[in-house]
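# Structural description and commentary
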Amino acid sequence: MDSVKAVEMRDSLRMGDITQATGVSDQAVRHYERMGLLRSTGRTSGGFRLFAANTVPRIRLIKDLQGIGFSLGEIRTLINPVQKGDPGCKEARDFLTRKAEEMEREIQRIRLILSLLIALNENCEKCGGPCTLEDCLIHRLEAFGLPSGPLQN
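So, a few notes on the structure that sits alongside this text. These numbers come from a predicted model, not from an experiment.

## Remarks on helix 2 (residues 15-22)
Buried within helix 2 we find Met15, Ile18 and Thr22. The buried residues of helix 2 occupy an angular sector of 65° when projected down its axis, which confines them to one face. Those residues of helix 2 that are buried lie in contact with strand 1 (13-14), helix 3 (26-34), strand 3 (49-51) and helix 4 (55-67). Glycine 23, located one to two residues past helix 2, shows a positive phi value of around 80°.

Here is the structure:
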């Protein structure tokens, strides 16, 4: 083995190193690779996949983004490099705009639910009964100008 290849292998991570450092399964790593979120740098003479050292923080980023509601397809849009003027750049910017608008709607929905819960709690403190939580909830929904069915997005 030449010295360049030896240095590359020493600086690379095997699948086991990655799964141990990140807590994700080897199937997840392979799935991320198939989706274009990760790229192996080659294989050992024994056929084990090798990955660059930046794979561990990238997987952690992927998991963090998934944890806050991004799909793997959306994550691919966010982390794959684009250059200004490329069609991918406009696609990424359009995605960011849509996602920000979606998150703003979700924040407003959560604020409404929080206000409703606070008002419901205050109403229950004043109630004196007998009532059910359902009765109070329906009353508060009507007070908020909402239908008494399931909350809509």
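Having seen it, we continue.
## Side note on the packing of helix 2 against helix 3
To characterise two packed helices, one gives the angle between the axes of the helices and the distance between these axes. Between helix 2 and helix 3, whose axes approach to 9 Å, the crossing angle comes to 105°. Between helix 2 and helix 3, the interaxial angle falls into the category roughly perpendicular. Side by side, helix 2 and helix 3 meet where Met15, Ile18 and Thr19 of the first sit next to Asp26, Val29 and Arg30 of the second. Taken together, the residues of the contact of helix 2 with helix 3 break down into 3 nonpolar, 1 polar and 2 charged.

## Remarks on the pattern of salt bridges
The full count for this structure, using the stated rule, is 6 salt bridges. The partner of lysine 99 in a salt bridge is glutamate 74, with the nearest N and O atoms 3.2 Å apart. A residue pair is termed long-range when its members are at least 10 positions apart, and lysine 99 in helix 6 (residues 87-127) and glutamate 74 in helix 5 (residues 72-79) qualify at 25 residues. In this pair, the class of lysine 99 matches that of glutamate 74, namely buried. The closest approach of N and O atoms between arginine 109 and glutamate 106, which form a salt bridge, is 3.0 Å. Within this pair, arginine 109 and its partner glutamate 106 are both found in helix 6, separated by 3 residues, close to a single helical turn. A single salt-bridge network, built from bridges that share partners, covers Glu74, Lys99 and Glu102.

## Digging into the nonpolar core
Core analysis: the biggest nonpolar cluster contains 20 residues, and Val29, Tyr32, Leu37, Ile62 and Ile75 have the highest contact counts within it. Looking at this core, the elements with two or more residues in it are helix 2, helix 3, helix 4 and helix 5. Here the element with the most residues in this core is helix 4; it accounts for 4 residues.

## Points about the environment of glycine 16
Relative to the assigned elements, glycine 16 resides in helix 2. Along the backbone, glycine 16 and aspartate 26 are 10 residues apart, and their C-alpha atoms lie at a distance of 7.7 Å.

## A short note on the packing of aromatic side chains
Throughout the structure, instances matching the rule amount to 1 aromatic pair. If you follow lysine 99 out to its NZ or CZ, it ends over the ring of phenylalanine 70, 4.8 Å from the centre.

## Thoughts on the sheet that holds strand 1
Through backbone hydrogen bonds, the strands of a sheet pair up, either in parallel or in antiparallel fashion. On the basis of which strands lie adjacent, the open sheet formed by 3 strands has the order 1-3-2 and antiparallel pairing. Where the open sheet ends on each side, the last strands, each with one partner, are strand 1 and strand 2 (40-43). Relative to strand 3, strand 2 is paired through 3 bridges, and the arrangement is antiparallel. Counterpart to serine 40 in the pairing with strand 3 is phenylalanine 51.

Scoring rules and cut-offs
- Residues numbered from 1 in each chain as written.
- Predicted model: local features only at pLDDT ≥ 70, side-chain atom pairs only at ≥ 80, totals over all residues.
- Heavy atoms only, no water.
- Buried < 20%, exposed > 50% of the residue type's maximum accessible area, 1.4 Å probe, protein only.
- Helix = DSSP H or I, 4+ residues; strand = E, 2+ residues; numbered from the N terminus.
- Arc of directions from axis to C-beta.
- Contact = heavy atoms within 4.5 Å.
- Axes fitted to C-alpha atoms, helices over the stretch in contact; angles between N-to-C directions.
- Parallel < 35°, antiparallel > 145°, perpendicular 65-115°, else oblique.
- Nonpolar A, V, L, I, M, F, W, Y, C, P; charged D, E, K, R; others polar.
- Salt bridge = Lys/Arg side-chain N within 4 Å of Asp/Glu carboxyl O.
- Core = buried A, V, L, I, M, F, W, Y, C linked by side-chain atoms within 4.5 Å.
- Phe/Tyr/Trp six-rings, centres within 6.5 Å; stacked < 30°, edge-to-face > 60°.
- Lys NZ or Arg CZ within 6 Å of the ring centre and 35° of its normal.
- Pairing = 2+ DSSP bridges.

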